[in-house]
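Fold and geometry: a report
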Amino acid sequence: MAAMDTLSALRSLMASHSPPLDALVIPSEDYHQSEYVSARDKRRQFVSGFTGSAGLALVTMHEARLWTDGRYFLQATQQLSDQWQLMRMGEDPAVESWIADNLPEKAVVGVDTWCVSIDTAHRWEHAFARKQQKLVHTSKNLVDEIWTERPPAEVNPVIIQPVEFSGRPVGEKLNDLRGKLIKEESHALIVTALDEVAWLFNIRGTDVSYCPLVHAFAVVTSGDAFFYVDKRKVSPEVQAYMTRNGIEVRDYDRVGTDVTLLESNELTSSVESPQQSESISSHNGSDSTGTDNNTEGKECNFVWADPGSCCYALYSKLNASELLLQQSPLALAKALKNPVEMDGLKKCHIRDGAAVVQFLVWLDKQMQELYGASGYFSEAKTKEKERPSESNKLTEVSVSDKLESFRASKEHFRGLSFPTISSVGPNAAIIHYGPDPKTCSELDPDSIYLFDSGAQYADGTTDITRTVHFGCPSSHEKESYTAVLKGHIALGNARFPNGTNGHALDIIARVPLWKDGLDYRHGPHLISFRPQARNVTLQASMTVTDEPGYYEDGNFGIRLENVLVIKEAKTPYNFGEKGSVRRRPKSHHGESIEKDEDHGDDDEEEEGNIEEKRSKGSFGKKKKKIRAKMVVLIQPLKKFKKLIFTSNGNRSSSSSSSWFSSSKGDRRGADLTNWGDRLGNNCCCLCLSMPQTVGDDVGVGVCMGGKRGDPDDPETSFVALRQKLHTKAPENRAGLAPDNKHSLFCYWKQAAL
């Protein structure tokens, strides 16, 4: 259906609706407030033609507008027809402000309230009240009424996630949850977020592309648990599993009716709930997390719903005075990874890191052979070479498929974690670019190539972004890359008080770019410049991503990303008795960059000064502080305490040379003392991030055993280390000859040096 026909059909339904609608809001989200939705739930995309994951469409009788965030500004301008006007979030008025300012008094605004959260609906209603405008629930989803070729609902089986991967049985999670309900004087929790349902019941599915989720709701009361799902997805094995854990399986559409029974506490299950575990009773009414499960003297009258994820349709079925509206207790429980989950995360990143290294080695070789590129480690001019044939050429899609094939060969691979962003030159400036096989670009040895990708494994999820150049980048590209890299390192080394929110940390990654007048319009996971991130507090055992970038429309884009783990660590003082947190990368090749699991080398270096500092006094108690370490999930070699990349003087830009000290002629960074201290222990996670920085002459200095490596020393030079790796750990190499200059980057297990 053409854009004009779609809008005309919608306006016709709006006019005939009771009451008639002055405007219709079409969110991106599904009934569970998911950002990534199934094909049949992409209503906003169907109406507008915009394919980004985030956005909101507004259709009035005379206008059509689309709001989206900075990740998609460029993409939206390319995809929206002239029937639509782009509204840039953070720059243009918010949708509720625009409606309140531009629609008449007592205007009626329709929305399918299953697709909008409680918080959002309340914010809209507050804005509309000024002109007595009204938000109404449409009798049907009007987009569904005109979407004649809407994809059918898929019947994909529910999959049980074994405890060997989840780390905790369902019964234990339910006991903990019920303890939290009692503490908040609530007798029931409505669970609508798909990831929370999957985590709570230890299940997985394939209802949403790239996400291991099942379309389902859950309700947990003080004595019962309910799982609302299309029963065709439930095998006898899953049914028995649910019954064994005291969970009753009910039809997906029944959740609305059952929620109304919560108010009178009449919702009961026919499935007998198993007795609480002995670990609960042995704690005299406390669960394993310290939650008081003693109900004596407590009246539990509230129904708990998360206003950010629970849809307004379910909220409207309950008495607002008997609702507890606050973040779901499952959100934090799910975010704090248990030891089994953390171990799985580490292992899957080792495997995934190996796949990424294999891909980069393959791609570098192909670019040289097919396109005459000088290669990843050289900045010589591209050789004149006849372009490859149609069947042999490398495109954004073909190389993305190759990367997927490397991942698919790894243990426990289940699929990609999102569509791979594979982008060349100007396409890399589109932050969430999706290559199309029919229109995608061919790789260019003289242009930047950015790929953002990840995978779902049975034991964890990965996400990594690298930006590379196989020819001779411009000075501006190098300076921009250096600024992004500085921001990446700064955020990965951040130290901050326990309980700090991600919004407060976002600036750390931006400062190096701001110094050069650069910036970007997105934030890493849980670290965002958006105000809504202010309520997210970071704690040890959480994971976040570190992914600053820079995007120049029409020219190029740069982004570097690692998954990071927040870990406890020592600091000399404890201001306000909060404890401090420092983040440490845990890189994409698996081993954390630290001496032992308790503290990194930097802790060891600091300990000698702690007592001296304390003797001078401190503000606040001197209790152990919590420091969040981002442990980069990509490190190839645990033995390498510091892997330092130097840049040949002929290649160094003004910005990089001002950052890295030079004391030996034209070899930038040869003074490893200064450079190593600046990069810290996490820098070897950057081995896949650094184009054109390793030369044939010196290139790399490695610090082992706490001693700085000497590039001129035959025992610790790049060549010597490379030879050691091939000699002592041949089973860990990626199949390259000992004399190949890429070899050091092809090891992903700990080498026995």
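The structure this text deals with has already been given above.
This one's a predicted model, so the numbers in the text were calculated from it and none came from an experiment.

Along the chain, Ala 305 falls in strand S13 (residues 302-305). Counting along the chain gives 23 residues from Ala 305 to Ser 328, while the straight-line C-alpha distance between them is 6.8 Å.

All right, on to the packing of aromatic side chains then. Applying the stated criterion across every chain yields a total of 16 aromatic pairs. On the basis of an interplanar angle of 25 degrees and a centroid distance of 5.3 Å, the ring pair of Tyr 312 and Tyr 315 is categorised as stacked. A residue pair is termed a helical-turn pair when its members lie 3 or 4 positions apart in one helix, as Tyr 312 and Tyr 315 do in helix H13 (residues 312-315) at three residues. In this pair, the class of Tyr 312 matches that of Tyr 315, namely buried. Here a set of aromatic residues connected by ring pairs shows up, and it is made of Tyr 31, Trp 114, Phe 217 and Tyr 252. A cation sits over an aromatic face here: Arg 88 above Phe 73, 5.5 Å from the ring centre. Geometry around Trp 199 places Lys 173 over its ring, the cationic atom sitting 4.1 Å from the centre.

This paragraph deals with the sheet that holds strand S3 (residues 64-68). Read across the sheet, six strands follow the order S4-S3-S2-S1-S5-S6 without closing on themselves; strand pairing throughout is mixed. The sheet is open, and its two edges are formed by strand S4 (85-88) and strand S6 (134-137), each paired on a single side. Each strand of the sheet is rotated relative to its neighbour by a mean of 25 degrees, with strand direction disregarded. Pairing of strand S1 (residues 23-27) with strand S2 (residues 56-60), which is carried by five bridges, proceeds in the antiparallel orientation. By the bridge assignment for S2, Leu 24 is matched with Val 59. Helix H4 (residues 95-102) contacts S1, S2, S3, S4 and strand S5 (108-111) of the sheet and is inclined by roughly 15 degrees relative to S2.

A few words now on the packing of helix H8 (residues 170-183) against helix H9 (residues 194-201). Running from N to C, H8 and H9 point in directions that differ by 115 degrees, and their axes come no closer than 7 Å. Between H8 and H9, the residues in contact are Val 170, Lys 173, Leu 174 and Leu 177 and Trp 199, Leu 200 and Phe 201, respectively. Taken together, the residues of the contact of H8 with H9 break down into six nonpolar, no polar and one charged.

Tracing the backbone through its elements, the reader meets Asp 546 in strand S22 (residues 543-546). Classification of Asp 546 by relative accessible area gives buried; the value is 1%. A polar atom in the side chain of Asp 546 sits 3.3 Å from the backbone nitrogen of Gly 492. Discounting residues that sit within four places of it in the chain, Asp 546 has contacts with His 488, Leu 491, Gly 492, Pro 524, Leu 560, Glu 561, Asn 562 and Leu 564.

Here the focus is the pattern of salt bridges. Tallying each qualifying case throughout the model produces 25 salt bridges. A salt bridge links Arg 407 to Asp 352; its shortest N-O distance comes to 2.6 Å. One end of the pair, Arg 407, is in helix H16 (residues 396-408); the other, Asp 352, is in helix H15 (residues 339-371), and 55 residues separate them in sequence. A relative accessible area of 0% means that Arg 407 is categorised as buried. Asp 352 gets classed as buried once you look at its relative accessible area, which sits at 0%.

What follows covers unusual backbone geometry. The omega angle of the peptide bond from Ser 18 to Pro 19 is -5 degrees, so this bond is cis rather than trans. Structurally, Pro 19 can be placed in the loop between helix H1 (3-16) and S1. If you check the backbone angles, Lys 106 has positive phi at about 60 degrees while not being a glycine. Topologically, Lys 106 is positioned in the loop between H4 and S5. For Lys 106, a relative accessible area of 58% gives the class exposed. A positive phi angle is found at Asn 202, which is not glycine, with a value near 55 degrees. With respect to the secondary-structure elements, Asn 202 resides in the loop between H9 and strand S9 (203-204). A residue is classified by how much of its surface remains accessible, and Asn 202, at 2% relative accessible area, is buried.

Reading the values: rules and limits
- Residues numbered from 1 in each chain as written.
- Predicted model: local features only at pLDDT ≥ 70, side-chain atom pairs only at ≥ 80, totals over all residues.
- Heavy atoms only, no water.
- Helix = DSSP H or I, 4+ residues; strand = E, 2+ residues; numbered from the N terminus.
- Phe/Tyr/Trp six-rings, centres within 6.5 Å; stacked < 30°, edge-to-face > 60°.
- Buried < 20%, exposed > 50% of the residue type's maximum accessible area, 1.4 Å probe, protein only.
- Lys NZ or Arg CZ within 6 Å of the ring centre and 35° of its normal.
- Pairing = 2+ DSSP bridges.
- Axes fitted to C-alpha atoms, helices over the stretch in contact; angles between N-to-C directions.
- Contact = heavy atoms within 4.5 Å.
- Nonpolar A, V, L, I, M, F, W, Y, C, P; charged D, E, K, R; others polar.
- Polar contact = N/O pair within 3.5 Å; in protein donor to acceptor, adjacent residues only side chain to side chain.
- Salt bridge = Lys/Arg side-chain N within 4 Å of Asp/Glu carboxyl O.

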